[in-house]
Every structure is written in structure tokens, then in C-alpha cells.
Amino acid sequence: MSENCIYIARSSAIAARALAGEMMVMNSADSTFFTLNPVATAIFQAADGRTPLREIVRDRICDQFDVDPEQAQADAEQFVTELSGHGILLVSNHPLVSETP
Amino acid sequence: MAAARKVACVEIGGIPIAFSSDDDRFLDLLRQRYAGFLSSSPPEFELEFDLIAAIPPSDEDVRVRREGDEWLIERGDFQARWDPGTGRGQVRQNANPYSLDSVVRILHSLILAQRGGFLLHAASAICDGQAYLFSGVSGAGKTTMTRLAPADITLLTDEISYLRPSADGYVAYGTPFAGELAKPGENCSAPVSALFFLEQGPENCIDELPSAEAVRRLMRNILFFAEDRVLVEKLLTTACDFVARVPIRRLTFYPDSRVWDEIRNFQGVAEHV
């Protein structure tokens, strides 16, 4: 995934709950269950379909976690690819309407 | 003229369900399989069985999805419809007990999910009036724990534990669903004192589990099949509530009877989250 502008939104088919600093996510389509670490949780929570991933990484990751911006962007893109493959996140080159509040 | 349907009421987890069929042999099989759980209580739900030509038990994944007001439950060896509004459903399956068990477990999992309970892939037993649950990956020792249990322990199940919320926490009920032990559980219940995730090791040891790890392990072992976001959300909420109200620990054990001394002496408190 190397598009210039990536937008991400949470799928409507999931249930999520934060617990002790981790996000628990379950896909209702196939009952797969994931726990997200704090960085992944920050990306997941910011996935409103309107904010480009680049901005999310800059404002929510680099500002709050001590990480190299380029590495953070690469890690975020990999994470987004994985979660979209599991139906947790929707990904587009255009703004999306988030399916969950 | 259609043959008259006969009915057997089976009460698992305090939820009586009437099963009806016009096939006497199937009803006999059902009564035999759930012998300790037959009930004269007024049924809360009704399930009609129509038998079809023999199809071998299926290894394919079950699909449980909503269609209008009804749940559709399908696998290669059975098809079922159930309307939670009316409490009635129909099942088409052949007369094998494995298909029957699957349908009954799925139906209970749907009913429990609405009521804040769940079925857990775990052995459970009553010791000194308290229920203890033993879960873990296949081969971790669920059946071993039940085999090592002293004579005064009451086995609720060696395979599928049945859990419902109560005012003080959760209650575990016996189930007829047997695993390797090939022995159904006793039809009784007790408040849950702890859930242990099992690992075998050189000595007995009970360790704390962080709440997020406890939820993760719990979710991996809950029997749940429905493709439905509302129920999935409810289930996740239930899992977090369970972790908040029931002590959950890792039990590393050496497989001999001394492990039950550890269980008797365990006095844990839930990790409130």
C-alpha cells in the first residue's frame, strides 16, 4: 500500500471495546477476535473515514509515541492492510463514511 | 393423516425447551441422550424436528445468520429456523445424536447471548459448593482435571460449560455435552468461584492474568456462531463483565490429585476493570 492519500473507516460488522489500554475487536461476520496494542488502538480510534492516514500518523502516533515518522507510516500502512484483510477496517483513496459511531 | 407429534422437554441451564417429533425412535434417542436433563417444567421454547434421509455428520463450519425475525442455522447435516420472538423453531436433520447436540448447543448459545450468558469450551465442577471452570487449548488438561477430581467433586461437564449471570456474579450449570470422558455432567448448578486457564508443568502454581489477556483467552473459548453485530457486541460486553466479576487465573499443574488441594485452597478476587 503506497497510495499518497489513504482514508480508513471502521467496518459496521465489528464490535469493539477498550480494556486496560488495549482495544478488543471482534468481527461479527466470522467471529474472529483481535486485540490491538496502544499504537494500533490510536489508529483504529481515529479511523473516521475523513482524516487521511498520513494525518493520523502525524497527529496521533508521532506526537504521542516516540517513533520515527517514516517507520510509523510504514507500520501504520501494514497494520491497515492487515485489518482491512480481516474486514475490520475499510480503506479507500477517497474519504469514506464511517460505518460505526 | 399426519402422525401425532410427541414431545420431550429438556431443561439445560434452567431453560426448558420442548423438542417434538413424530418419530418415536428419535424421541427415544433424545430422551436417552439427555436423560438427566428431562423436565416437566413448562417449556420456554419449542423446537420441531423433521427427520430427513441420513447424511453423515459434517465437519464444515456452521452458519448462523439472521433472516427477518428468524435465525437460520445451517450445516451440511442439518438446517434449522428459530424465531426468538415466538420462541418456536423447526429443524430438519437426520436422526444422529451429533447433529442433535450441535443444534441444541447453538440454540442455547443464541438464547444465552441475549441474556448475558455464554457457553464456554471448558470443564467445570463443584467443589465445596463452589463451581470452578477449567479451560485452555486442546490437550491442556480439561479432561485430566476431571479425571483427577476426588470423589466429593461434582462434575458439571468435561467439555462445554454453561454460564449465566446472577446478582452476585455468574452461575455454572451442568450440561449433557460430554467430551473425552464420555460422561454427561450432573444436572445441578453453583456460583462460579474461578476460571482457570490450564497449562501442564512440573509443579502446581496459580498466577494472575491481566484483564485484557483474560478477555482474550475467554473470547477464544466461548462457543458463538452468530453473524450478528448486535449479539457480538453483547457477547464482548458479557466477556468483559465476566472478567470483572470472576477471578481468572493461569493454573500450571502437575497431573496428580494434589492439584485439587490448590483448587480447594484458592481464594481469589476478581480483577475489577
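In this report, we go over the structure that sits alongside the text. (Residues numbered from 1 in each chain as written. Chains lettered and ligands numbered in written order. Predicted model: local features only at pLDDT ≥ 70, side-chain atom pairs only at ≥ 80, totals over all residues.)

1. Quick notes on the sheet that holds strand β3 (residues 22–27) of chain A
Sheet strands pair by backbone hydrogen bonding; their relative direction is either parallel or antiparallel. With antiparallel pairing, the 3 strands of this open sheet are ordered in space as β2-β3-β4 (chain A). Of all strands in the sheet, those bounded by a partner on one side alone are β2 (14–19) and β4 (33–36) of chain A. Each strand axis lies, on average, 20° off the axis of its neighbour in the sheet, ignoring direction. Pairing between β2(A) and β3(A): 6 bridges, direction antiparallel. Across the sheet, the residue bridging to Leu19(A) is Glu22(A), located in β3(A). This element, helix α4 (residues 211–221) of chain B, spans β2, β3 and β4 of chain A of the sheet and lies at about 165° to β4(A). Packed on one face of the sheet, helix α5 (residues 229–245) of chain B meets β2 and β3 of chain A and runs near 20° to β2(A). (Pairing = 2+ DSSP bridges. Helix = DSSP H or I, 4+ residues; strand = E, 2+ residues; numbered from the N terminus. Axes fitted to C-alpha atoms, helices over the stretch in contact; angles between N-to-C directions. Contact = placed C-beta atoms within 7 Å.)

2. Structural notes on the packing of α4(B) against α5(B)
Residue and element names in this part refer to chain B. Where α4 meets α5, the axes come as close as 9 Å, and the angle between the chain directions of the two elements is 125°. Considering their axes alone, α4 and α5 lie oblique with respect to each other. The way α4 lies across α5 gives a crossing that is right-handed. Taking contact as the criterion, the partners of Ser211, Ala214, Val215, Leu218 and Met219 in α4 are, on α5, Ala239, Cys240, Phe242 and Val243. (Parallel < 35°, antiparallel > 145°, perpendicular 65-115°, else oblique. Left-handed = near helix turned anticlockwise from the far one by under 90°.)

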